[in-house]
Amino acid sequence: MATQRQNHTSLVDRSGQVRRQRQLTGKQVLLMAWKNITVRMGRSMLVTSGIVLALAFLTYIMSSDAILRSVLENAPPSVKETLSESGKFAVLEDADAQIQTRWMVGLALLVSFVGILNAMLLSVTERYAEIGTMKCLGALDSLIVRLFLLESFFQGIAGTTVGILIGLLLAFTESLFGFGWTVAEGVPLMGLVPWNGIFSIIGIAMLAGVALTVAGALYPGWRAAKMKPVEAMRAQV
Amino acid sequence: MAEEQKQNTAVANGDQGKTDEEQAKELLSSHVVRAVGLTKVYEMGGEKVHALRGVDLTVDRGEYVSIMGPSGSGKSTLFNMIGGLDKPDTGEVFIDEVDIASLDTFELAWLRCHKIGYIFQTFNLIPVASALENVMMPMLFAGMSQADAQDKAADILRKVGLEKRLLNKPNELSGGQQQRVACARALANDPAIILADEPTGNLDLKTGEEIIRILGELKSEFGVTVISATHDHKMLAASDRVIVLTDGQITKIKKRSELKIQEGTIEGGQDLFD
Ligand SMILES: Nc1ncnc2c1ncn2[C@@H]1O[C@H](COP(=O)(O)OP(=O)(O)OP(=O)(O)O)[C@@H](O)[C@H]1O
Ligand SMILES: [Mg+2]
């Protein structure tokens, strides 16, 4: 019996200090976060699709507006006239329609904001019991926060990238249908696309998507990590 | 001088691999758990519920203690206090003679990870993770590598008879199998204490007895201290001591010798409540 009991470490170490749980290394946490995402693939897809939708909408609205504007500004005067006559720029010329586009961009931002925060909030709160269990098993609060930070970061990057691609695809397809490959004799559409503007739209969308996803996961995750284990385990959503 | 003496005793006991201080601690007290004057009041909509009304309890190393009591008598509340999952309003809990109220978050996490193995009435397994991953989790929290944790978890699951269900998710397992996964998880980091809150509460008699048998084996084979709550007198077979909790107070303590034990279960345990 005595020999077997040696396995049981005392709460106090050899120098009389109470033993402390160590922080895990970045690599260990990364592995855990990756496992967590893959293990709940179906569920994360659902949440991620919310991010994709929001970002596709935002990117589409912003880049479609930017392309149209650029074609109007940069097309040769003669081309501009024919296009104007065919009503292609009605959206930009009509003051009411202009305001409408502004509203659409604002709305897209709002939809992304609310949609992503809501999706992340739900996906974290439904894991409160799990967080409580993890705390009972010796997870540090900081580990739980780090896990949520990483998981949501991966999810944010994946969802945002796909969303941006879909949004761009929509915007370019729309302009192609509107103007054709060549806007007019010797004026290719791709030459009029405001590439710098498109890149900054990608940057803005990426930043917004990832930041919103991480923020949406971190706040409820941090709150759950701070709870007493029994409270978190009890928490019903 | 005293140091030297302790050292000698340690050698005499054949207890190697432990430092003087650890040895000294153990010699000072055989109590692995000591609770003093625990009270807890819950407030629900202005109404006060006295869940614990001054509970004193000491548990020796390697002892199997059953805490018995009707529903609402405060078993889970006591269990949570002893396990450092919740704090009492007044009173103290000592583990290895350290007041756990004095522990910071890192020390408390170490206690929960290494010192105590928890088994819950509702299993509390991670639903999306396999049996193996569930058992690995506390090992990973302790900093073990994935590969080592995987080997050790598979080993423990084999011991509780689940070698064929390693990759099944909790919802693909029966209640008894889920609770065995929970038992295996509780053993992950070789805890000195197993705290089991109605481990058989959601199981039928036969599966329940199987779980009790596993807990009894842990005690006898590994010298683990088991504290188990139950409201079923049929689940007392392995106990060294039965403590009856009624309305937040200890009303009866019975040693094993005072219990009538027949065919592995306790007959007439009902009179514990008399
Ligand atoms: N979080 C809480 N909030 C309010 N009251 C609580 C809470 N937890 C427990 N109680 C109350 O404290 C008392 C003791 O509860 P406890 O869960 O400890 O009983 P128990 O002996 O474990 O019962 P059971 O056998 O049903 O699990 C009960 O009256 C219960 O209603
Ligand atoms: Mg209970």
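Residues numbered from 1 in each chain as written. Chains lettered and ligands numbered in written order. Predicted model: local features only at pLDDT ≥ 70, side-chain atom pairs only at ≥ 80, totals over all residues. Heavy atoms only, no water.

### Comments concerning the overall build of chain B
Then, in step 1: When its secondary structure is counted, chain B shows 8 helices and 12 strands.
Then, in step 2: Across chain B, contacts joining residues at least 24 apart in sequence account for 69% of those joining residues at least 6 apart.
Then, in step 3: In the structure as shown, chain B presents an accessible area of about 11800 Å², 49% of it carried by carbon and sulfur atoms. (Helix = DSSP H or I, 4+ residues; strand = E, 2+ residues; numbered from the N terminus. Contact = heavy atoms within 4.5 Å. Areas by Shrake-Rupley, 256 points an atom, 1.4 Å probe, with all protein chains shown as cover.)

### Points about the side chain of B:S130
All names here are of chain B.
Then, in step 1: Here S130 lies in the loop between strand 6 (116-119) and helix 5 (131-141).
Then, in step 2: Residue class for S130 comes out buried when judged on its relative accessible area of 5%.
Then, in step 3: Leave out the neighbours within four places in its chain, and S130 touches L166, L167, N168 and K169. (Buried < 20%, exposed > 50% of the residue type's maximum accessible area, 1.4 Å probe, protein only.)

### As for the confidence of the model for chain A
Then, in step 1: Here chain A averages 83 in pLDDT, while 95% of its residues score no lower than 70.
Then, in step 2: Scored below 50 in pLDDT, residues 1-6 of chain A shows 14 contacts in the model against residues more than four places distant or in partner chains. (pLDDT = per-residue confidence, 0-100.)

### Structural notes on the packing of helix 6 (residues 95-125) of chain A against helix 10 (residues 195-226) of chain A
Residues and elements named next belong to chain A.
Then, in step 1: Two elements in contact, helix 6 and helix 10, have axes separated by 8 Å at closest approach and are oriented at 35°. In the packing of helix 6 onto helix 10, the handedness of the crossing is right-handed. Along its contact with helix 6, which presents S112, F113, I116, L117, M120, L121 and V124, the element helix 10 presents G209, L212, T213, A215, G216, A217, P220 and G221.
Then, in step 2: Looking at the contact of helix 6 with helix 10 residue by residue, the class counts come to 10 nonpolar, 5 polar and no charged. (Axes fitted to C-alpha atoms, helices over the stretch in contact; angles between N-to-C directions. Left-handed = near helix turned anticlockwise from the far one by under 90°. Nonpolar A, V, L, I, M, F, W, Y, C, P; charged D, E, K, R; others polar.)

### A short note on the interface of chain B and chain A
Then, in step 1: Each partner contributes residues to the interface: chain B has 50 residues there, and chain A has 38 residues.
Then, in step 2: Overall, the association of chain B and chain A removes approximately 4300 Å² of surface from exposure, summing both partners, and the carbon and sulfur fraction of that is 61%.
Then, in step 3: Here A:R20 ties to B:D104 by a salt bridge, and the two come within 2.7 Å at their closest N and O atoms.
Then, in step 4: The interface formed by chain B and chain A includes 8 residue pairs in polar contact (both at pLDDT 80 or more).
Then, in step 5: Among the elements of the structure, helix 2 (20-28), helix 4 (105-115), helix 5 and helix 8 (205-222) of chain B are those that each provide at least two residues to the side of chain B that touches chain A.
Then, in step 6: The greatest single-element share of the side of chain B that touches chain A, amounting to 10 residues, is contributed by helix 4 of chain B.
Then, in step 7: Within the side of chain B that touches chain A, the residues separate by chemical class into 22 nonpolar, 11 polar and 17 charged. (Buried area = accessible area lost by both parts, 1.4 Å probe. Salt bridge = Lys/Arg side-chain N within 4 Å of Asp/Glu carboxyl O. Polar contact = N/O pair within 3.5 Å; in protein donor to acceptor, adjacent residues only side chain to side chain.)

### Focus: the sheet that holds strand 6 of chain B
Residue and element names in this part refer to chain B.
Then, in step 1: Taken together, the 6 strands give an open sheet; going across it, the order is 6-7-8-3-9-10, and neighbouring strands pair in mixed fashion. Looking along the sheet, the strands with just one partner apiece sit at the ends: strand 6 and strand 10 (249-255). With strand direction ignored, the average angle separating the axes of adjacent strands in the sheet is 15°.
Then, in step 2: Sheet strands in contact with helix 3 (residues 75-82) are strand 3 (64-68), strand 6, strand 7 (193-197), strand 8 (225-230) and strand 9 (241-246), and its direction is about 155° off that of strand 7. (Pairing = 2+ DSSP bridges.)

### Details of the site of ligand 1
Then, in step 1: Neighbouring ligand 1 are 16 residues, the closest being B:S71, B:G72, B:S76, B:T77 and B:E198.
Then, in step 2: Each of chains A and B places residues near ligand 1.
Then, in step 3: Between B:G72 and ligand 1, the recorded distance is 2.8 Å, taken from a backbone N or O atom to an oxygen atom.
Then, in step 4: When ligand 1 is considered free in solution it has 630 Å² of accessible area, and contact with the protein chains removes 73% of it.
Then, in step 5: Structurally, ligand 1 is housed in the largest pocket.
Then, in step 6: Residues of the shell around ligand 1, tallied by class, amount to 5 nonpolar, 8 polar and 3 charged. (Near = heavy atom within 4 Å. 1 Å grid on protein atoms, 1.4 Å probe; cavity = no way out; pocket = protein on both sides within 12 Å on 5 of 7 lines; lining within 4 Å. Sits in = over half its atoms within 2 Å of the grid points.)

### Considerations on the side chain of B:Q177
Then, in step 1: Relative to the assigned elements, B:Q177 resides in helix 7 (residues 175-186).
Then, in step 2: For B:Q177, a relative accessible area of 18% gives the class buried.

### Some remarks on the nonpolar core
Then, in step 1: Membership of the largest hydrophobic core comes to 98 residues, with the highest contact counts inside it found for A:L143, B:F141, B:L157 and B:I194.
Then, in step 2: The leading source of residues in this core is helix 3 (residues 41-74) of chain A, at 12 residues.
Then, in step 3: With residues up to four places along the chain from it excluded, the contact list for B:I194 reads B:G117, B:I119, B:A186, B:L187, B:L215, B:L218, B:V224, B:T225, B:V226 and B:I227.
Then, in step 4: Core analysis: the second largest hydrophobic core is formed by 38 residues, A:M233, B:I67, B:V93 and B:L245 among them. (Core = buried A, V, L, I, M, F, W, Y, C linked by side-chain atoms within 4.5 Å.)

### Quick notes on the sheet that holds strand 2 (residues 47-60) of chain B
Residue and element names in this part refer to chain B.
Then, in step 1: Pairing in this open sheet of 4 strands is antiparallel, and the strands run 2-1-4-5 from one edge to the other. Each edge of the sheet is formed by a strand with only one pairing partner; in this case those strands are strand 2 and strand 5 (98-99).
Then, in step 2: Two elements, strand 1 (residues 31-44) and strand 4 (residues 90-95), share 5 bridges in a ladder whose sense is antiparallel. Pairing of A35 across the sheet is with V93, part of strand 4.
Then, in step 3: Sitting on the sheet, helix 3 is in contact with strand 1, strand 2 and strand 4, with an inclination near 55° to strand 2.

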